[in-house]
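Breakdown of the fold
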Amino acid sequence: MPKAMLYTKGSIIYFEGDHDERIFIMQKGTVLLSSTDIETGQPIVEQIKSGEFFGVKSALGHFTREETATVLAPTVAVALTIAEFENLFCNNQQLILKMLRVFSNQLRQIHRKSESILNNIQEDQQSGMLAVAKSFYDNEQYRSCCDIYLKFLKRYPDTPQKEEIAKLYSESKLRAQKMSMKQNLSEKTENTDINTNVLKLFNLPAFERFAKEYEPGQVIISEYESGDTFYLIQDGKVQLVKCVNGVTKNLDILKHGEFFGEMAILDSSPRSATCVAIGDVKCLEFNKENFSLLVTGNPQIALILLKLFCKRINDQKRRFRILVTKDLQAKLADVFLMLDEMNPVQNTADKQRKFYVTIADLAHWAGLSQEVTRDEVNKLVEKRKIEVFDNYIMISNILDMKRTYDTRTGNINK
């Protein structure tokens, strides 16, 4: 049963960095959430009002607290377990939509900050889509380039550039036909618990009418286009790509049981990334009109989306920390630390790590050019801290990366 907790003035409900999976509802009193801005190092404070939740993201995402909760006046707050919160959440339609929109907005804000750090020039929707198409063309991904030109002409049939774009489309199509697909990159992967649960929810004949199939390299949604659909991957993989100053950057690979495209549905903003099929892909496509009905009528789906936002917000903040780190050696060390967090080992006593990444991958994570990244990697090689091979990098001792980051950023004993 949910438990009402009485806190005296000056007490701490939880500290930043704590492992604590309780979720709180403020009943009366005053609680201040304090944290540190990743970019500026300045303090951030937020006062919790009566009836508001706090501690949700870290609890649902199973990561450490990102703020300290301090009691400023005698306070009563109800402490919920994750199961108790899930039960409450799933039975409150208004709460469902409010929380999804709040978390979607938080994720969007982190994306904007990341783009600012990368000096990514913001385009209007039409110019943006054309820049994305050109980036695929320059990268010799002609099938994807064709799809974006087609999407553009469908959305903007009266554009003054119609004739020019039609020619670019024809040229891209010809090149795409000449290039044979070297390999089908689709793979079967093991389902995680959350993916299994999602697929079970949608494994009903009624959902078959939403099914869409995509070929290798086909663009499902394009960055900058208006968002009026979102997707669940039933089979295959989808590559998330972003155009940064005219160059395509790989963001992530989504697997079956994962959603994408839901952010634009919630905040009515243009797409923030391009989603491309890796191999043959089958998705369920839902439109903006039935989104509210879907998540409120199927609260388990809404809960899965909420947990997905928690994970993505945490992941994006982790990546943002790397982007704002000024010392180049510390920046690369933190990339390796992030990769280690993403790929936990069973034997923690073994400090050696093998990461299947290239110089280009490191440059992407660090927000650096490949030339600068290569120079910094060579310094680590000379110190015998890493070894670089064609398709992987070997870390001699992952603790060296932690020491490098802490020493160069002044993070020791913090």
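Right above here is the structure, for reference.
An account of the accompanying structure is given in this report. These figures come from a predicted structure and were not determined experimentally.

On to the pattern of salt bridges. Scanning all chains against the criterion turns up 27 salt bridges. Where E376 meets K379, a salt bridge forms, and the shortest distance between an N and an O atom there is 3.1 Å. In this pair, E376 and K379 both sit in helix α13 (residues 370–382), three residues apart, roughly one turn of the helix. A relative accessible area of 39% places K379 in the partly exposed class. Overlapping salt bridges bring together K151, R155, E225 and D228 as one network.

What follows covers the nonpolar core. Inside soluble globular proteins, nonpolar side chains tend to come together where they are buried. In terms of nonpolar packing, the biggest core is built from 44 residues, with F53, F85, F89, L100, F202 and F259 touching the most fellow members. When residues in this core are grouped by element, the largest group, 10 residues, is from helix α10 (residues 299–324). Setting aside anything within four residues of it in sequence, one finds F202 in contact with F207, L232, Q234, F259, L284, F286, L294 and I301. Among the nonpolar cores identified, the runner-up in size contains 24 residues, and I322, V335, V357 and L362 belong to it.

In this model α13 runs 18 Å from its N-terminal to its C-terminal C-alpha over 13 residues, within 8% of the 18 Å that 1.5 Å per residue would give. Taken residue by residue, α13 has T373, E376, V377 and L380 as its buried positions. For α13, the arc enclosing every buried residue in end-on projection is 100°, short of the 170-degree limit, so these residues lie on one face. In this structure, α13 carries E371 and E382 as exposed residues pointing more than 90 degrees from its buried face. The first or second residue beyond α13 is R384, which carries a positive phi of 60°.

So, how was this worked out
Residues numbered from 1 in each chain as written. Predicted model: local features only at pLDDT ≥ 70, side-chain atom pairs only at ≥ 80, totals over all residues. Heavy atoms only, no water. Salt bridge = Lys/Arg side-chain N within 4 Å of Asp/Glu carboxyl O. Helix = DSSP H or I, 4+ residues; strand = E, 2+ residues; numbered from the N terminus. Buried < 20%, exposed > 50% of the residue type's maximum accessible area, 1.4 Å probe, protein only. Core = buried A, V, L, I, M, F, W, Y, C linked by side-chain atoms within 4.5 Å. Contact = heavy atoms within 4.5 Å. Expected span 1.5 Å × (residues − 1). Arc of directions from axis to C-beta.

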